[in-house]
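This is what each chain is made of:
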Amino acid sequence: MSEAAALPVRQAPRRSGDLLWKTAFRNIWRNRRRTWLTAGGIGFAVFLITSSISLQDGSYIDQRESATGLLTGHVQLVHPDYPDESKFEFFLGDLSDKLRAVRSAPGVVAATPRVQAFVLVSADERSFAAQVLGIDVAREAKIIRFFETLQEGEIPHAADEALIGTALARNLGAGVGDELVLLGSGRRGGVAAFALSVSGLFQTGIEELDRSLLLTSLATVQDGFGLSDEAHTIVVQGRGPLQARPLARELERTLGSSVRARPWQELMPEVEQGIELDRVSGDFMYGIIMILVGFSVVNTFIMVMFERTHEFGMLLALGLRPWSIIGMVQLEAFGLWVLGTLMGWLLALPLVIYFIVWGISFGDSMEQLAEQMYMPSSIHGAITVRAMLTAPVVMFFATQVAAFLPSLRIRSLNPVDALRQEA
Amino acid sequence: MSFALLMRLSLRNILRHRRRNAMLLAAIVVAVGGVTFMNSFIRGFQQDLRDSAVNNLTGHIKVFAPGYRDDPGIERSFYVAGDWRPDVSSGLLEGWAARIRIPAVIMSERETRGVQLVGVDPSQEGISFLGDAFYEGETLADENDKRIFVGQALVDQLDTKVGRRLVIITQGADGRNREAGFRIAGVYDAEGTGLEKAFVFTGRAALQKMLDTREVTEVSIRLTNDGAGSSVRSMLLSYFSGLEVMGWRELEPQIAAMFVFADTAIFIWFAIMMGALVFGLVNSLITAVMERVKEFGMLRAVGMRPGSVIVQVVIESSLLMMSGVALGLVVGWLLCQWMSEGLDLSQWASGVEMVGMRSVVVPRLYGADMMLVAGLSLVLGIVASLYPAWRAVKIKPLEAMRR
């Protein structure tokens, strides 16, 4: 008997929990217009923020790929003194041993040596300063995108052929097939002089490269400057731009103190910083949007409180505890959030898919600008955790707080007074 | 029904729900304040873009010999009389400079680099970044100064310092190469290493002597007001017939494109903010109408015209919007004052430089932008009140009063 009497008492809270869910759900649909407008606000924020972050994050991926893929690669191995003073005599010795070690290191997809030096390039009467880069053309063609920027002619096939930038070609008054004479200071102050013929012209859109870079075969530059099994840089391609930092640490550990490994972020700080700047300014904007929508949710719950004072008074009179009513209101807020988030996601999805599949391409005037910032000519969206969850998670807390603040009044509600209020 | 009465009714209705309307007001203030603040940064950024483009030896307008831009060299030069000055009223003209700017090779004992060798008259260079750059050592004394003024980044690359000598090789007017030693007078520090690596300055007359010419390769003109460009251009075109006269927009098309985009960005930003605001606004207004069904019914029953009902709702919305806009503009203005030292972006210095900005962005608040935000917000306030007003008109007096 005593057990049977205790049972309904223990069951009661559970039933009232169910009841709260049900009541909350019904309440959401009581004022449909308001529900749609409030959820619409949440949905707008989720839609806008999800699709913009998707495009932002996608463009970061594109930008990193494009920046590292053009010429720099993911990691560059250099002489420990080279980063501070990029002088010719700071080259890496025992190149073949190092290459072998790097290529067999985990996470390395490809590795290729480069020699670089500043030279005076002359064509007939005209002379300009240029940076000559000796590379393993056949191997590099597989890992960097640089050769796609070829405007005229072909990539160097023979050892004495060179690729120069369009601006340098214009300055020199040289074209495909013309002969260039390179003059530089080689090892131990010796003079390095050799002749090359122009096999093609490239145009990257990055002025410094177009104006002052000359690309030719590794062996030619090594011979010309008196290097043997030596090079300035080993360019390493890892699994992706974001793995560059750990890869660089790993390579430094493997190769010891004779080598500095520099991830692309160190070589092109402007790219990562540009991304960071874009992200911060985006976040500022998203913050304001979410604050705005948060206000509108607070407003909705102020109205809810006002209209349902009578009802809450009755519930209190019936014996419901204030915190249960507050809980119910929180559940209503949760319902609104679910509705808004689903709306926002549903609206954002087609757009995000469009961004991913087709992307956005820049107009003609912006394209040059994009090139200068190492951006590809079109950017694509991406589905990332940040894109999909930022707005929903923030809005979840915002709606809960927005509902909680006005409903605190329920605690001090006097049932008798409340019931006297107009329904 | 008199407008004054409608006004009073609307005002009372707003004050009836203080908490709700205070929230709505706060939302409007955040939206308008946020837009104003952000716009001032977009404007600041835009201004920076143009200033650094114009400062970059470009000026607002530039005169070149035909073909110089494709193939810069001393052979594509022109003569400017010593007593020439632009025929522009002094109020419009900030300054002008005639320069020689040619590609050159610069060598220290250790390193070789390619640069632009610029022959200037230092007294004219108040119009370019050279005029106010920080420097170490001395600036060039006059146009006969045979020393050079070099950027910090280039000095680092060449591993040299003030007082040392550098060898410069460049092409003379006869097409032959000239090679000469120059002593470094001073080292300048520009915004961004790009400029520092690119430009080496020396006296114009001294350079002319070395190249065997009396000509220059460019005349750059800086105006006090970008808008005056076209009249000045036609003046220059008629004086320098046969030469190319170009504005900074043509010379720096990428920056011009960004400049134009910033105008659009202001609208996009506004549209997004107002989009987020409009849900809350409509929501409040509809509630304000629906809870007064009885009242509107009665007012209609005692003879209020449907038009007056609409006006009343629109006034309510407009009043809220106006006070929100006013407060929002004040908040935006205060934020700009607070940030008047500028937002320090030096943490992302190289990224900022890549985009063509300076590392400190100073917000710039324009009256016209504030008016635009205010005007568009008020229009939005009226548009947002139309649906609630229409709901109010649909209220049937009899049914409403029976409730």
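Parameters at a glance
Residues numbered from 1 in each chain as written. Chains lettered and ligands numbered in written order. Predicted model: local features only at pLDDT ≥ 70, side-chain atom pairs only at ≥ 80, totals over all residues. Helix = DSSP H or I, 4+ residues; strand = E, 2+ residues; numbered from the N terminus. Rg over C-alpha atoms; globule rule 2.2 N^0.38 Å. Buried ≥ 20, exposed ≤ 12 C-beta atoms within 10 Å, placed from the backbone. Contact = placed C-beta atoms within 7 Å. Domains from an automatic or database assignment. Nonpolar A, V, L, I, M, F, W, Y, C, P; charged D, E, K, R; others polar. Pairing = 2+ DSSP bridges. pLDDT = per-residue confidence, 0-100. Axes fitted to C-alpha atoms, helices over the stretch in contact; angles between N-to-C directions. Parallel < 35°, antiparallel > 145°, perpendicular 65-115°, else oblique. Left-handed = near helix turned anticlockwise from the far one by under 90°. Core = buried A, V, L, I, M, F, W, Y, C linked by C-beta atoms within 7 Å.

**Q** Help me out: how do you make sense of the overall build of chain B in this one?
**A** In terms of regular secondary structure, chain B is built from 13 helices and twelve strands. Rg of the C-alpha trace for chain B: 31 Å, well past the compact-globule value of 22 Å for 403 residues, more than 25% over. In terms of principal-axis extent, the alpha carbons of chain B reach across some 100 × 45 × 30 Å. Buried positions account for 47% of the 403 residues belonging to chain B. Pairs at least 24 apart in sequence give 84% of the contacts found in chain B among residues at least 6 apart.

**Q** I keep staring at the overall build of chain A and nothing clicks. Help me out?
**A** Across its full length, chain A holds 15 helices and twelve strands. Along the first, second and third principal axes, the C-alpha set of chain A runs to 105 × 50 × 30 Å. Relative to its full complement of 423 residues, chain A shows a buried share of 47%. For chain A, the share of sequence-separated contacts (at least 6 apart) that also reach a separation of at least 24 residues comes to 81%.

**Q** So what exactly am I meant to see when it comes to the domain arrangement of chain A here?
**A** Accessible area lost on assembly of the parts is the figure often given for the size of an interface. Segmenting chain A into domains produces domain 1 (17-66 + 272-420) and domain 2 (75-237). Placing the centre of domain 1 of chain A and that of domain 2 of chain A at their C-alpha centroids yields a distance of 53 Å.

**Q** Where do I start with the interface of chain B and chain A in this structure?
**A** Taken together, the contact pairs 48 residues of chain B with 48 residues of chain A. Elements with a minimum of two residues in the side of chain B that touches chain A: α2 (18-58), β2 (93-107), β3 (112-120), β6 (165-171), α8 (253-290) and α11 (349-354) of chain B. With 16 residues, the top contributor of residues to the side of chain B that touches chain A is α8 of chain B. For the side of chain B that touches chain A, a count of residues per class yields 24 nonpolar, 14 polar and ten charged.

**Q** What is the right way to read the pairing of strand β5 (residues 148-151) of chain B from this model?
**A** Residues and elements named next belong to chain B. Residues I148 and V150 of β5 are buried on one face, and the alternating residues F149 and G151, pointing to the opposite face, are buried as well. For β5 and strand β7 (residues 177-189), the ladder comprises four bridges, and the chain directions are parallel. Bridging from a neighbouring strand, V150 pairs with V187 of β7. As paired strands, β5 and strand β8 (residues 199-203) are joined by three bridges and run antiparallel to one another. Each bridged residue has a counterpart across the sheet, and for V150 the counterpart in β8 is V200.

**Q** When you look at unusual backbone geometry in this model, what are you seeing that I'm missing?
**A** Most peptide bonds adopt trans geometry, and most residues besides glycine take a negative phi value. Of note, D94 of chain A is a non-glycine position whose phi angle comes to about 45°, a positive value. Relative to the elements of secondary structure, D94 of chain A occurs in the loop between β1 (75-78) and α3 (95-103). At D159 of chain B, a position not held by glycine, the phi torsion is positive, near 60°. In this fold, D159 of chain B is placed in the loop between α3 (152-158) and β6. Note on D159 of chain B: 13 C-beta atoms within 10 Å, which makes it partly exposed.

**Q** Mind showing me how you'd approach the confidence of the model for chain B here?
**A** Close reading of the predicted structure is inappropriate where its pLDDT is low. Looking at chain B as a whole, its pLDDT mean stands at 86, while 98% of the residues score no less than 70. As scored by the predictor, the complex reaches a pTM of 0.81 and an ipTM of 0.78.

**Q** Explain the packing of helix α1 (residues 3-16) of chain B against helix α10 (residues 306-338) of chain B here, please?
**A** The description of two helices packed together rests on the angle between their axes and the distance between the axes. All names here are of chain B. Packing of α1 against α10 leaves a shortest axis separation of 9 Å and a crossing angle of 55°. The angle between α1 and α10 falls in the class oblique. Of the two possible hands of crossing, α1 and α10 adopt the one that is right-handed. Residues L6, M7, L9, S10, L11, N13 and I14 of α1 form the contact with α10, whose participating residues are S308, V311, Q312, I315, E316, L319 and L320.

**Q** What am I meant to see in the domain arrangement of chain B here?
**A** When cut into domains, chain B gives domain 1 (3-53 + 256-402) and domain 2 (66-242). Its C-alpha centre places domain 1 of chain B at a distance of 50 Å from the equivalent point of domain 2 of chain B.

**Q** Is there a simple way to think about the nonpolar core in this case?
**A** Side chains of nonpolar character tend, in soluble globular proteins, to be buried together. Within the largest apolar cluster, 227 residues are counted, with the highest numbers of intra-cluster contacts made by A45 and L292 of chain A. Discounting residues that sit within four places of it in the chain, A45 of chain A has contacts with I289, M290, V293, G344, A391 and M395 of chain A together with A276 of chain B.

**Q** How should I be thinking about the packing of α2 of chain B against α10 of chain B in this particular structure?
**A** Residue and element names in this part refer to chain B. Two elements in contact, α2 and α10, have axes separated by 7 Å at closest approach and are oriented at 45°. Here α2 lies oblique to α10, going by the angle between them. Like other packed secondary-structure pairs, α2 and α10 cross with a definite hand, here right-handed. In contact with N21, L24, L25, I28, V29, A31, V32, G33, T36, F37 and S40 of α2, α10 contributes L320, M321, S323, G324, V325, L327, G328, L329, V331, G332, L335 and C336. Partitioning the contact of α2 with α10 into residue classes produces 15 nonpolar, eight polar and no charged.

**Q** Sorry, what's going on with the environment of T217 of chain B here?
**A** Residues and elements named next belong to chain B. Its location among the elements puts T217 in the loop between α5 (204-211) and β9 (218-223). Given 23 C-beta atoms within a 10 Å radius, T217 is considered buried. On a C-alpha basis, the gap between T217 and Y79 in space is 8.5 Å, while along the polypeptide they are 138 residues apart. Apart from residues no more than four positions distant in its own chain, T217 is found in contact with F64, A65, Y68, I74, R76, S77, R99, I100, R101 and I102.

**Q** What exactly am I supposed to notice about the environment of D48 of chain B here?
**A** With respect to the helices and strands, D48 of chain B occurs in helix α2. For the pair formed by D48 of chain B and M371 of chain B, sequence separation is 323 residues and the distance between their alpha carbons is 23 Å.

**Q** I'm lost on the confidence of the model for chain A in this one. Help?
**A** All names here are of chain A. Here chain A shows a mean pLDDT of 87. Residues at 70 or above account for 95%. Highest mean pLDDT in chain A belongs to β1 (95); lowest belongs to helix α1 (residues 2-28) (62). Under a pLDDT of 50 for its full length, residues 1-13 has, in the predicted model, zero contacts with residues more than four places off or in other chains.

**Q** Explain the pairing of strand β2 (residues 110-123) of chain A to me, please; I cannot follow it from the model alone.
**A** Successive residues of a regular strand alternate their side chains across the two faces of the sheet. Residues and elements named next belong to chain A. Where burial is concerned, most of β2 is hidden: twelve out of the 14 residues are buried. Sheet analysis places β2 next to strand β9 (residues 233-237), joined by five bridges and oriented antiparallel. Residue pairing across strands places T112 opposite V235, the latter belonging to β9. Relative to strand β3 (residues 126-135), β2 is paired through ten bridges, and the arrangement is antiparallel. The residue of β3 that forms the bridge with A117 is V132. Of the pairings in the sheet, the one linking β2 to strand β6 (residues 179-185) comprises three bridges and is antiparallel in character. Within β6, the position partnered with S122 by the bridge is V181.

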